[in-house]
Amino acid sequence: MSMEDLYQEIILDHYRKPHNRAPTLEGEDVHVHHSNPLCGDEMDLRVRVADGNLDAVVFDGEGCSISQASASAMTIAVEGRGLKDALELAEDFRLMMHGDEPQRADDLQDGIAFQGVARFPVRVKCALLGWMALRDAIETYESGASAHSVTYDD
Amino acid sequence: MSFDVATLRKDFPTLQREVDGRRLVYLDSAASSQTPQRVLDAMDEYYEHLRANVERGVYRISEVATGRYEDARTRLARFVNAPSSDGVVFTKNVTEAINLVAYSWVRRRLGPGDALVTTAMEHHANFVPWWHAAQDHGFDLRVIPVTPDFELDLAAARELLADGQVRFLAVGHVSNVLGTINPVAELIALAREYNPDVVTLVDGAQAVPHLPVDVAALDCDFYGITAHKMCGPTGIGALVAKPGLLEDMPPFLTGGSMILDVSVDEVTWNHPPHRFEAGTPPIAEAFGVGAACDYLDDIGMDAVRAHERALVGTFVDALREAPGVTVYGPVDPARRSGAISFAVDGVHPHDLGAMLDGYGVCIRVGHHCAKPLMRSLGVNSTARASLYLYNDTDDLAPLLAGIDEARSFFAR
């Protein structure tokens, strides 16, 4: 396993020039805050829903290259998708991080670049942070709430 | 004796291994130290020759094992110059030692109108138990801030103590993040100036492995020790208490061997230290503690400190000169121990740790269980390289090479 397996060029691109990174979102429906005490990562994810679809998804926070790049790639992959569809895609990504072959490689778009992270067990949580925040944001929205906070206690 | 690191390294089995064909460069002793063969042998001796429970057997091997368990208590007391081994309670670690004091002293005696002082530099082990107790019992929790020079702000401490309401002081001897050696004797004297009856606790987790520690000279009431950072095994530590103090304290954990008598109507507590050691203790680990004290004393704690002081100066100077590196902690080696926290421009600590692992270099990254300190430094996490007696200047080059590689990798 080399560092290049972990840090693919696509991942580094997302890290250096993140997409949909913003501290606020106009007309936000849900804001979730996720933190990982192990590494001190903090992730704020905001979504706006229109007609049952993810109209806008932005993230902000601090974390390692893997967590920030994965969140960036995630926002692109899920934007415009229906809530159920986005949840299923998040599950596909989660299973990929646990070693499964992704069923929706094309839909994951740049998210597929993170497949190699599954071989670095301590970094799996980093790659999952944005996707798990998305899942929580959708579930929070569906429960009728507008904010939720989660701390991973591994 | 001259300090011969190459020879000392041969005592540590894990330091003989390689990672991907590279020498293991272990720079994480502030998290947990390596264990010398002599300590492993002492624990094996228990399992191979004296395997029986202690404090309760009437047969030979149990009696011998009990004697050796109690010898370890005496040995540890001598190692930190505690006046009596009766004041040495074996615990799981410093966390348990501090919780013992939180539950059996602070929670029973402090309430509204009282105050407890700790610092913004503490490991969570010496912060969360007090915070929790303050929540439950309504006393005031006061926190000594850290100066821009990474030292405790003693002027602010004086103000926090001035109203005489402070009944308990809890302070770390050496910061696990900054490496700062705190002036604990001075702080204890300051607290007594405003309340002669103040009770004091010092978290010695990062001090006992690295400095000659004399608890009698510090004149603290409680002192916490953990073995796994001082060449000893995991799973054992100690609370060292001033003579007499434990007599008036109720137990923390209850159950077997901490009683003198039990009936349905009445229970009589055992005498200290046994009152505070419920259940079968970590016996093999106690054998290991005794051997770790022997190992360190044979080298000499003055020699350990002299070696680390010179080495930390070399490391801090080199890191401060390295492009893009910021060191969090005192510059003067006389004021610090070997835990060196730093940041590298453009590289998240987690990425740096992963990159260094590729060089066989083990460092800690994250918040180091000191989130109040991280907040006062204005960071979420740092990288930390920490030194011990088996580290030397040859560990510096792989660290710097990895930092350099990480910087250019993420700047591409």
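Everything numeric in this text was worked out from a predicted model, so none of it was measured.

Another point: the overall build of chain A. Helix and strand counts for chain A come out as six helices and four strands. Ordered by position from N to C terminus, the α and β elements of chain A give α-α-β-β-β-α-α-α-α-β. Along the longest, intermediate and shortest principal axes, the C-alpha atoms of chain A span 45 × 30 × 30 Å. By the burial criterion, 44% of the 154 residues in chain A qualify as buried. Taking contacts inside chain A between residues at least 6 apart in sequence as the whole, the part at least 24 apart equals 67%.

Right, let's get into the packing of helix α6 (residues 154-161) of chain B against helix α7 (residues 184-194) of chain B. Residues and elements named next belong to chain B. Running from N to C, α6 and α7 point in directions that differ by 30°, and their axes come no closer than 9 Å. Considered as vectors, α6 and α7 are oriented roughly parallel to each other. Taken as a pair, α6 and α7 cross one another with a handedness that is right-handed. Along its contact with α6, which presents Ala157, Arg158 and Leu161, the element α7 presents Leu187, Leu190, Ala191 and Tyr194. Class assignment for the residues of the contact of α6 with α7 results in six nonpolar, no polar and one charged.

Here the focus is the confidence of the model for chain B. For chain B, the mean per-residue pLDDT works out to 96, and 99% of the residues sit at or above 70. The complex prediction reports pTM at 0.92, with the ipTM value standing at 0.81.

This part covers the sheet that holds strand β16 (residues 364-366) of chain B. Residues and elements named next belong to chain B. Across the sheet, which stays open at both edges, the four strands sit in the order β13-β14-β17-β16 with antiparallel pairing between neighbours. Looking at strand neighbours, the two that pair on one side only are β13 (325-328) and β16, the edges of this open sheet. Pairs of neighbouring strands in the sheet enclose a mean axial angle of 30°, with direction left out of account. Relative to strand β17 (residues 382-386), β16 is paired through three bridges, and the arrangement is antiparallel. Counted as the bridge partner of Gly366 is Thr382 from β17. Relative to β16, helix α11 (residues 349-357) is tilted by about 160°, and along the sheet it contacts β14 (339-344), β16 and β17.

What you tend to see is this: most non-glycine residues have negative phi, and most peptide bonds are trans. All names here are of chain B. The amide bond that connects Pro272 to the next residue, Pro273, takes the cis arrangement and shows omega of 0°. Note on placement: Pro273 falls in the loop between β12 (267-269) and α9 (283-299). Even without glycine at this site, Phe150 takes up a positive phi of about 70°. By the element assignment, Phe150 lies in the loop between β6 (140-144) and α6. Unlike most non-glycine residues, His368 shows phi in positive territory, near 55°. Along the chain, the position of His368 falls in the loop between β16 and α12 (371-377).

Here the focus is the interface of chain B and chain A. Taken residue by residue, the interface counts 14 residues in chain B and 13 residues in chain A. Among the secondary structure elements, those contributing two or more residues to the side of chain B that touches chain A are α11 and β16 of chain B. Broken down by element, the residue count for the side of chain B that touches chain A peaks at four residues, all from α11 of chain B. Of the residues that constitute the side of chain B that touches chain A, the class distribution is five nonpolar, seven polar and two charged.

Residue and element names in this part refer to chain B. For the pair helix α2 (residues 37-49) and α9, interaxial distance at closest approach is 8 Å and the crossing angle is 150°. Every pair of crossing elements has a handedness; the one defined by α2 and α9 is right-handed. Contacts between α2 and α9 involve Arg38, Val39, Ala42, Met43, Glu45, Tyr46 and Tyr47 from the first element and Ile283, Ala284, Phe287, Gly288, Gly290, Ala291, Ala292 and Tyr295 from the second. Looking at the contact of α2 with α9 residue by residue, the classes come out as eleven nonpolar, two polar and two charged.

Criteria and thresholds
- Residues numbered from 1 in each chain as written.
- Chains lettered and ligands numbered in written order.
- Predicted model: local features only at pLDDT ≥ 70, side-chain atom pairs only at ≥ 80, totals over all residues.
- Helix = DSSP H or I, 4+ residues; strand = E, 2+ residues; numbered from the N terminus.
- Buried ≥ 20, exposed ≤ 12 C-beta atoms within 10 Å, placed from the backbone.
- Contact = placed C-beta atoms within 7 Å.
- Axes fitted to C-alpha atoms, helices over the stretch in contact; angles between N-to-C directions.
- Parallel < 35°, antiparallel > 145°, perpendicular 65-115°, else oblique.
- Left-handed = near helix turned anticlockwise from the far one by under 90°.
- Nonpolar A, V, L, I, M, F, W, Y, C, P; charged D, E, K, R; others polar.
- pLDDT = per-residue confidence, 0-100.
- Pairing = 2+ DSSP bridges.

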